[in-house]
Amino acid sequence: MDFQPTAEQRELNDALTTLARKEFAETAFTHKGAIPHDNLRRLAELGFLGMCMDESVGGGGRPWQDGILATEALARICPTTAYFFFSANTGPSSFIAQFGNDSIKERFLPGVMSGEEIIRIAISEPEAGSDVTAMRTSADIRSDEVVINGNKIFSSHADKANAFIVYVRFGPTNDDIGAVVVERDAPGLTIGPPDQYMSGTNHCELLFENCTVPVDNVLIREQAFRKLMGQYSIERTGRAAHAVGISQLAIDMSIEHLKTRKQFGSRLADFQGLQWMLADMAIQLDAARLLLYRAMTETKDGFPTRYNSSVAKVHCAETATFVTDHAMQLHGGMGFTTSMPLEYLYRQVRAVKIAGGTVQVHRNGIAKVLLRD
Ligand SMILES: Cc1cc2nc3c(=O)[nH]c(=O)nc-3n(C[C@H](O)[C@H](O)[C@H](O)COP(=O)(O)OP(=O)(O)OC[C@H]3O[C@@H](n4cnc5c(N)ncnc54)[C@H](O)[C@@H]3O)c2cc1C
């Protein structure tokens, strides 16, 4: 039983941490929802951006677990860069690496691995949020083309995405749910005007009206839903790692502040009430990290189990909200200002309780596993 990174993984994290401290830290909180292309190009140059992609497509061939750990390490320094790093290695692009035919891989992955392009996911619909299987967007295969009709909402960064992995229905049952890759300029696709999440990230509605793409763009169709959800459990683990890295950053900042700020003639660090707050933050974060590492270590068919990934996702999301909220409190009025990044960190991690399945829906999944015969 060992939930600790290997020596090789530590080495990778050290290299990324050194790079991020030197080159990404200074601008870490200036991106405001924009894509940090310069940082991504730098990561690409050093071979980090596609490090979890197959060597056959020009990637580094590392296991997805390395990408998750590296996401955590980067999020401790530059959460925005970490998010896009995760996206390129274990997020949306990993669906293409995992399920794509050669043509899809060749067309979409090099742009991502070079730091120039991004791929986003479109699953949610107006009437199908938590209940993904209620989705209506249809895909009709007509000889060498696929015709898509329906609409998707909440597609993050859709205003800047080069292509989308669109969950579609090839037929009436859950087994008929699959995915198609759609380029942003595909005929029949309209990308709505961007709206903004509390985190500062833009999201858009996507409208498909007889949107037509080559049949080659079908990412996965047979027995697809279970496989897509398996891959999604890796994506979910990445979000959890991002939240853990941000929580660590909030704790790092809090320790520094407690040691330097004085009130009533004493350092804040000398007040027991504040020490206990800090201790609670560390206890929650240690537990969250261990649950995350368990989800990465105890896998089935190469994926985190449903139980482990949901437990990790819920605990990491709730811990990150708790830790960043406490960190703001420890910083007093300054913590609540926009000249400090703590309110930004809080807004980033608050999303994890909703995106990638809400914490309620994950609790449903956990209970289902516990109660099954
Ligand atoms: C920051 C962010 C980024 C996102 N990015 C994307 C993206 O890129 N692509 C994409 O497709 N979607 C994206 N989403 C959408 C996200 O996946 C959905 O918001 C989420 O699945 C919940 O669906 P909903 O908003 O329709 O809420 P609903 O399903 O309407 O749920 C409303 C409330 O009811 C609760 N609830 C629902 N059903 C149950 C139940 N059975 N038991 C108990 N409680 C229940 C939920 O937990 C929630 O609290 C993003 C969302 C956020 C916040």
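What you see is a predicted model; the values in this text were computed from it and never measured.

Engineer: Mind laying out the pattern of salt bridges, listing which residues take part and the relevant values?
Structural biologist: Under the definition given, this model contains 17 salt bridges. Its salt-bridge partner being Asp 66, residue Arg 62 comes within 3.0 Å of it at the nearest N-O pair. Owing to a relative accessible area of 5%, Asp 66 belongs among the buried residues under this scheme. With a shortest N-O distance of 3.1 Å, Arg 267 and Asp 270 are connected by a salt bridge. A residue is classified by how much of its surface remains accessible, and Arg 267, at 32% relative accessible area, is partly exposed. For Asp 270, a relative accessible area of 43% puts it in the partly exposed group. Within the structure, one salt-bridge network assembled from shared partners comprises Glu 8, Arg 62 and Asp 66.

Engineer: Let's hear about the packing of helix 1 (residues 7-23) against helix 3 (residues 64-75): which residues, and what values?
Structural biologist: How two helices sit against one another is set out by the angle between their axes and by the gap between those axes. Direction vectors running N to C along helix 1 and helix 3 enclose 35°, while the axes themselves pass 9 Å from each other. The handedness of the crossing between helix 1 and helix 3 comes out as right-handed. Contacts between helix 1 and helix 3 involve Gln 9, Leu 12, Asn 13, Leu 16, Thr 17 and Ala 20 on the former and, on the latter, Gln 65, Asp 66, Leu 69, Ala 70, Ala 73 and Leu 74. Across the contact of helix 1 with helix 3, the residue classes tally to 7 nonpolar, 4 polar and 1 charged.

Engineer: So what's going on with the site of the ligand? Residues and values would help.
Structural biologist: Taken together, 16 residues are adjacent to the ligand, and Ile 123, Ser 124, Ser 130, Ser 156 and Thr 358 come closest. Ser 124 has a polar backbone atom sitting 2.8 Å from an oxygen atom of the ligand. Here an oxygen atom of the ligand and a side-chain polar atom of Ser 130 are 2.6 Å apart. When the ligand sits alone it has 970 Å² of accessible area, and the protein chains cover 64% of it. Every element with two or more residues in the shell around the ligand is listed here: strand 1 (119-122), strand 3 (145-156) and helix 12 (359-371). In terms of residue count, strand 3 provides more of the shell around the ligand than any other element does, 3 residues in total.

Engineer: Break down the environment of Arg 42 for me, with residues and values.
Structural biologist: When you line up the elements, Arg 42 lands in helix 2 (residues 37-45). Arg 42 sits in the partly exposed class, given a relative accessible area of 25%. For Arg 42, the contacting residues outside a window of four places in its chain are Leu 19, Glu 23 and Phe 24. Polar contacts involving the side chain of Arg 42 include one to the side chain of Glu 23, which spans 2.8 Å. One polar contact links Arg 42 to Glu 45, side chain to side chain, over a distance of 2.6 Å.

Engineer: Any chance you could break down the packing of helix 9 (residues 306-330) against helix 11 (residues 342-350) for me, citing the residues and the numbers?
Structural biologist: Between helix 9 and helix 11, the least distance of the axes is 9 Å, while the angle of their chain directions is 165°. Comparing their axes, helix 11 and helix 9 come out roughly antiparallel. The two elements helix 9 and helix 11 cross, and the hand of that crossing is left-handed. Together, Ala 320, Thr 321, Thr 324, Asp 325, Ala 327 and Met 328 of helix 9 and Leu 342, Glu 343, Leu 345, Tyr 346, Val 349 and Arg 350 of helix 11 make up the contact between the two elements.

Engineer: Kindly report on unusual backbone geometry, identifying the contributing residues and their values.
Structural biologist: In this structure, Lys 32 takes a positive phi of about 45° despite not being glycine. Turning to its location among the elements, Lys 32 is positioned in the loop between helix 1 and helix 2. With a phi angle near 50°, Phe 264 is a residue other than glycine that sits in the positive phi range.

Engineer: Residues and numbers for the state of the cysteines, please.
Structural biologist: Put plainly, two cysteines are in a disulfide when a covalent bond ties their sulfur atoms together. As enumerated under the stated definition, the model contains 0 disulfides in all. With no disulfide of its own, Cys 316 lies 18 Å from the sulfur of Cys 52, the closest cysteine sulfur. For Cys 316, a relative accessible area of 1% puts it in the buried group.

Engineer: Tell me about the side chain of Lys 152, and name the residues and values.
Structural biologist: Locating Lys 152 in the fold gives a position in strand 3. Of the residues examined, Lys 152 reaches a relative accessible area of 0% and is grouped as buried.

Engineer: Which residues make up the pairing of strand 1, and what values go with them?
Structural biologist: Side-chain alternation along strand 1 places Ile 119 and Ile 121 on one buried face and Arg 120 and Ala 122 on a second face that is also buried. As defined by bridge partners, strand 1 adjoins strand 4 (residues 163-169) across 4 bridges and the pair is classed as parallel. Each bridged residue has a counterpart across the sheet, and for Ile 119 the counterpart in strand 4 is Ala 163.

Reading the values: rules and limits
Residues numbered from 1 in each chain as written. Predicted model: local features only at pLDDT ≥ 70, side-chain atom pairs only at ≥ 80, totals over all residues. Heavy atoms only, no water. Salt bridge = Lys/Arg side-chain N within 4 Å of Asp/Glu carboxyl O. Buried < 20%, exposed > 50% of the residue type's maximum accessible area, 1.4 Å probe, protein only. Axes fitted to C-alpha atoms, helices over the stretch in contact; angles between N-to-C directions. Helix = DSSP H or I, 4+ residues; strand = E, 2+ residues; numbered from the N terminus. Left-handed = near helix turned anticlockwise from the far one by under 90°. Contact = heavy atoms within 4.5 Å. Nonpolar A, V, L, I, M, F, W, Y, C, P; charged D, E, K, R; others polar. Near = heavy atom within 4 Å. Polar contact = N/O pair within 3.5 Å; in protein donor to acceptor, adjacent residues only side chain to side chain. Areas by Shrake-Rupley, 256 points an atom, 1.4 Å probe, with all protein chains shown as cover. Parallel < 35°, antiparallel > 145°, perpendicular 65-115°, else oblique. Disulfide = S-S within 2.5 Å. Pairing = 2+ DSSP bridges.

Take it as geometry only, folks, not as evidence of what the structure does.
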